[in-house]
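# Chain and residue survey
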Amino acid sequence: MYSIRNIARSSIPRFSISRRFNSTLTFIEAESDKITSASLSALEASKQIGNPITAILLGSNSESLAKNLSKTDLVNKILICKNENLDNYLPEQVTPIFEKILKDDKNDFKNLIVPASSVGKNFLPRLGALLDVQPVSDIIKVIDPKTFIRPVYAGNAWSTVKSKDEIVLTSVRSSSFPQAVIDESGSAVDSKIEEIEYVKPTVKSTFVGNELIKSERPDLGSAKIVVSGGRGLKNKEEFEKLLFPLSEKLNAAIGASRAAVDSGFCDNSLQVGQTGKVVAPDLYIAVGISGAIQHLAGMKDSKVIVAINKDEESPIFSIADVSLVGDLFEVVPELTSKL
């Protein structure tokens, strides 16, 4: 890995802050009434900063989630806003709340930590513009409260970035941090929980609906085993015929290269890579994937990488722990039958 050191400079914030103590505000995202794995990784990154942590949960189910979170010593305080307009985390709805909190001189927040999820990526740049600070995105390591390491050039180099802003806005790559453990066996501490007011946005934006791909398989972003297919599978029928039985035997999540997604083999929510999801499972099996640099950027931190491809010159073999050169239409069914 090459190391690049640079300094993120931005103008002095337009608001004046005078504080005695430093603390970290951490955004906790929920999905299906559960705290997301990416948020647990963000909590772990917040712990590494070393300052007291205040968690913030938004939406109509935030109170019940806050009660579970209050049972642990992970956080000193929990802010909740139960307004139903926040349930879908529209950036136009979420951003004004964070703006009000961070501009309030009564607070002592020096860091805001959010997961580098689609939600975090949506509202963090907006918040940075309103506060006139430069966010540090997609960090993979905390050096100190103002200094972080983040990948650049599709993960081929690491950049050490030091912020000079009064408040540091940071998004966390979940695959680079372990998930903080929440012990729910204790009793809830209601004194930790504080309800805050909903801030009505000036931008008129409302949630209309969504179309979600539901699956009984493990979630791609947090699965311990991932089976991914590429263009070598030829079509959607072969993609499903070969990968689905294998994934069921391994209780694995299904992933895909961009080439497979663009060819219509599967939904784009399964794309792994620089423009898709970044994963780091215990086992990553790449079937018919050549290994374009954009795909490698999304999975090369996996603990064990298995590559199956008929082209022995495929770039993915350069990072694979186990390489099998062969006809995937023969190899994969045999592998599945022997598991």
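Owing to the predicted nature of the structure, the values given are computational and were not obtained by experimental measurement.

Moving on, we come to the sheet that holds strand S14 (residues 225–229). Read from one edge to the other, the open sheet built from five strands follows the order S15-S14-S16-S17-S18, with strand pairing classed as parallel. Each of the sheet's edge strands pairs with one partner strand only, and the pair in question is strand S15 (253–256) and strand S18 (322–325). The average undirected angle you get between the axes of adjacent strands in this sheet is 15°. The pairing of strand S16 (residues 283–287) with strand S17 (residues 304–309) spans five bridges and is parallel. Each residue of the ladder has a partner; that of Leu-283, found in S17, is Val-304. Together, S14, S15 and S16 form the strand contacts of helix H5 (residues 236–250), whose direction differs from that of S14 by roughly 175°. Contacts from helix H8 (residues 328–338) reach S16, S17 and S18, with the element oriented near 135° to S17.

In contact at an axis separation of 9 Å, H5 and H8 are set at 25° when each is read in the N-to-C sense. It follows from the interaxial angle that H5 and H8 lie roughly parallel. Here H5 runs over H8; the crossing is left-handed. Residues Glu-238, Leu-242, Pro-245, Leu-246 and Lys-249 of H5 form the contact with H8, whose own contacting residues are Leu-328, Phe-329, Val-332, Pro-333, Leu-335, Thr-336 and Ser-337. Grouping the amino acids of the contact of H5 with H8 by side-chain chemistry returns eight nonpolar, two polar and two charged.

What follows deals with the side chain of Lys-192. In this structure, Lys-192 sits in the loop between strand S12 (168–172) and strand S13 (193–195). Comment: no salt bridge for buried Lys-192; closest opposite-charge side chain is Asp-73, at 4.7 Å. Filtering out sequence-adjacent residues up to four positions away, Lys-192 remains in contact with Ser-70, Thr-72, Asp-73, Val-75, Asn-76, Lys-77 and Ile-78.

A separate point is H8. Taken residue by residue, H8 has Leu-328, Val-331, Val-332 and Thr-336 as its buried positions. For H8, the buried positions fall inside an angular range of 125° around the axis, keeping them on one side. H8 presents Glu-330, Ser-337 and Lys-338 as exposed residues on the side facing more than 90 degrees away from its buried surface. Tucked into the core, H8 has its buried residues touching H5, S16, S17 and S18. The distance from a side-chain oxygen at the start of H8 to the backbone nitrogen of Phe-329 is 3.0 Å, and the residue carrying that oxygen is Asp-327.

So, about the sheet that holds strand S8 (residues 136–139). Strand order in the open sheet made by the seven strands is S8-S12-S7-S2-S5-S6-S13, with parallel pairing throughout. The open sheet has two edge strands with one neighbour each: S8 and S13. Put simply, the sheet's adjacent strands are angled 25° from each other on average, direction ignored. As defined by bridge partners, strand S5 (residues 53–58) adjoins strand S6 (residues 77–81) across five bridges and the pair is classed as parallel. Along S6, the bridge assignment pairs Ala-55 with Ile-78.

The next subject is the pattern of salt bridges. Between side chains of opposite charge, a pair can form as their charged atoms come close. All chains considered together, the criterion is met by 14 salt bridges. Of the charged contacts in the structure, one is a salt bridge between Glu-63 and Lys-82, with a shortest N-O distance of 3.1 Å. Of the two residues, Glu-63 is situated in helix H2 (residues 62–69) and Lys-82 in the loop between S6 and helix H3 (91–103); the sequence distance between them amounts to 19 residues. Among the residues examined, Glu-63 registers a relative accessible area of 32% and is labelled partly exposed. Under the relative-accessibility criterion, Lys-82 is labelled partly exposed at 31%. One salt bridge in this structure joins Glu-195 and Lys-82, with 3.8 Å as the shortest N-O distance. Of this pair, Glu-195 sits in strand S13 while Lys-82 sits in the loop between S6 and H3, and the two are 113 residues apart along the sequence. Each of Glu-63, Lys-82 and Glu-195 takes part in a single network of salt bridges with overlapping partners.

This paragraph deals with the packing of aromatic side chains. This model, assessed by the stated rule, comprises five aromatic pairs. Measuring from ring centre to ring centre gives 5.5 Å for Phe-27 and Phe-123, while their planes differ by 90°; the resulting arrangement is edge-to-face. Linking Phe-27 in strand S2 (residues 23–27) with Phe-123 in helix H4 (residues 118–131), this pair joins segments that are 96 residues apart in sequence. Since its relative accessible area comes to 1%, Phe-123 is described here as buried. Consider the rings of Phe-239 and Phe-265, whose centres lie 6.3 Å apart with planes at 50°: the pair is tilted. Of this pair, Phe-239 sits in helix H5 while Phe-265 sits in the loop between helix H6 (258–262) and S16, and the two are 26 residues apart along the sequence. Take Phe-239 and Phe-265: they sit in the same class, and that class is buried. Ring-pair connections join several aromatic residues into one group, and the members of that group are Phe-27, Tyr-89, Phe-98 and Phe-123.

What counts as what
- Residues numbered from 1 in each chain as written.
- Predicted model: local features only at pLDDT ≥ 70, side-chain atom pairs only at ≥ 80, totals over all residues.
- Heavy atoms only, no water.
- Pairing = 2+ DSSP bridges.
- Helix = DSSP H or I, 4+ residues; strand = E, 2+ residues; numbered from the N terminus.
- Axes fitted to C-alpha atoms, helices over the stretch in contact; angles between N-to-C directions.
- Contact = heavy atoms within 4.5 Å.
- Parallel < 35°, antiparallel > 145°, perpendicular 65-115°, else oblique.
- Left-handed = near helix turned anticlockwise from the far one by under 90°.
- Nonpolar A, V, L, I, M, F, W, Y, C, P; charged D, E, K, R; others polar.
- Buried < 20%, exposed > 50% of the residue type's maximum accessible area, 1.4 Å probe, protein only.
- Lys, Arg positive; Asp, Glu negative; His and termini not counted.
- Salt bridge = Lys/Arg side-chain N within 4 Å of Asp/Glu carboxyl O.
- Arc of directions from axis to C-beta.
- Polar contact = N/O pair within 3.5 Å; in protein donor to acceptor, adjacent residues only side chain to side chain.
- Phe/Tyr/Trp six-rings, centres within 6.5 Å; stacked < 30°, edge-to-face > 60°.

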